[in-house]
Structure formats: C-alpha cells, structure tokens
Amino acid sequence: MTILPYLAAGWIFLAGLYGMVTSRNIIRTIGCLSVAQSATYVLLLAIGYRRGGTAPVFSDASPHSRVVDPVVQALTLTDVVVGATVTALLLALAIQLRKRHGTLDPDALTGLKG
C-alpha cells in the first residue's frame, strides 16, 4: 500500500484550509471549503482501493476473487451529494447576505452582532 493518496488528501485539505483562513471574501471562503471537503473524497477512495480488485458485482465473479468494498464507494457518493448541497446552501446564504448588507467582506459585517 502506498502513502501517496494520503499525502495528496492532506495537501488538498491544507490548501483549502489555507484559502479559508486567508480569504477576504465569503464566496472565496465557500470555494475553499469545497476544496477542503474534496480531500475527503480522495481519502475515502484511498481507503477503499484494493490492488487487483474488481467491481463488487458478484454475478460473474468467483467466490475467491478480490473485490473493492462497496461501502466506501457509497460513502464517497454520499459525501459528494452532501458537499454539493452544503455548497449550494452556503452560496444562497451569501447571496442573501449581499442583498441585505451590500458586502461580502467579513470585517465589514458589523451589523451581525447577536
């Protein structure tokens, strides 16, 4: 097993986290959050990968053949759907924030005190 996918997932996550921390715009922050979440796709696929494994369709496979775990694939697809939903919701909230306050700069949003 190689460590390269885990390093790639860590690098993608750190790049997204750096973008979130240094961003001065809420739209850019949402985009960086999506990049950081895409690291979970790489991580889940790295966990579920098996060298020499086939698709988990058992109609034509022998009982002793190596197959890829279908649970990890289902979790990755669920993660993609949840990520798209969260991104869409955050972008809709950013549009409403721009309409009500006229800016997307987090420092200029002083009227949001509770």
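Everything here concerns the structure above.
Report on the accompanying structure.

Each value, and the rule that gives it
- Along each chain, residues carry numbers from 1 onward, in the same order as the chain's sequence is written.
- Residues qualify for local features only when their pLDDT is at least 70, as the model is predicted, and side-chain atom pairs are given and counted only at 80 or more; totals for whole chains, interfaces and linings, by contrast, use all residues.
- Each side-chain value is worked out from all heavy atoms of the structure, with water and hydrogens disregarded.
- Secondary structure elements are defined from DSSP: runs of H or I of at least 4 residues count as helices, runs of E of at least 2 residues count as strands, and each element is numbered from the N terminus.
- Type-normalised accessible area, obtained with a 1.4 Å probe on protein chains alone, sets the label of each residue: buried when under 20%, exposed when over 50%, and partly exposed for intermediate values.
- Whether two residues are in contact is decided by their heavy atoms, any of which lying within 4.5 Å being enough.
- Between Lys or Arg on one side and Asp or Glu on the other, a salt bridge is scored when a side-chain nitrogen of the former is within 4 Å of a carboxyl oxygen of the latter.
- Working rule for helices: expected span equals 1.5 Å times residues minus one.
- Each polar contact in these results corresponds to two N or O atoms within 3.5 Å; when the atoms are within protein, one needs to be able to donate a hydrogen and the other to accept it, and residues that are neighboring in sequence are counted only if both atoms are side-chain atoms.

**Overview of the side chain of Asp79**
Checked against the element boundaries, Asp79 lands in helix H3 (residues 70–101). Residue class for Asp79 comes out buried when judged on its relative accessible area of 15%. Beyond its immediate chain neighbours, meaning those up to four positions away, Asp79 contacts Gln37, Thr40, Tyr41 and Leu44.

**Some points on the pattern of salt bridges**
A side chain of one charge can pair with a side chain of the opposite charge when the charged atoms of the two come close. Counted by the stated rule, this structure contains one salt bridge. For Asp105, the salt bridge identified is with Arg24, shortest N-O distance 3.2 Å. On the criterion of sequence distance, the pair formed by Asp105 in the segment after H3 and Arg24 in the loop between helix H1 (4–22) and helix H2 (26–48) is long-range, its members being 81 residues apart.

**Quick notes on the side chain of Gln37**
Within the fold, Gln37 resides in helix H2. You can call Gln37 buried: its relative accessible area is 19%. With residues near it in sequence (within four places) discarded, Gln37 still touches Asp79, Val82 and Gly83.

**A closer look at H2**
Over its 23 residues, H2 runs 34 Å from end to end, which matches the ideal 33 Å to within 8%, given 1.5 Å per residue. Taken residue by residue, H2 has Ile26, Ile30, Cys32, Ala36, Gln37, Ala39, Ala46 and Gly48 as its buried positions. Residues of H2 that are buried in the fold lie against H1 and H3. Where H2 begins, the capping side chain belongs to Asn25, and its oxygen is found 3.1 Å from the backbone nitrogen of Ile27.

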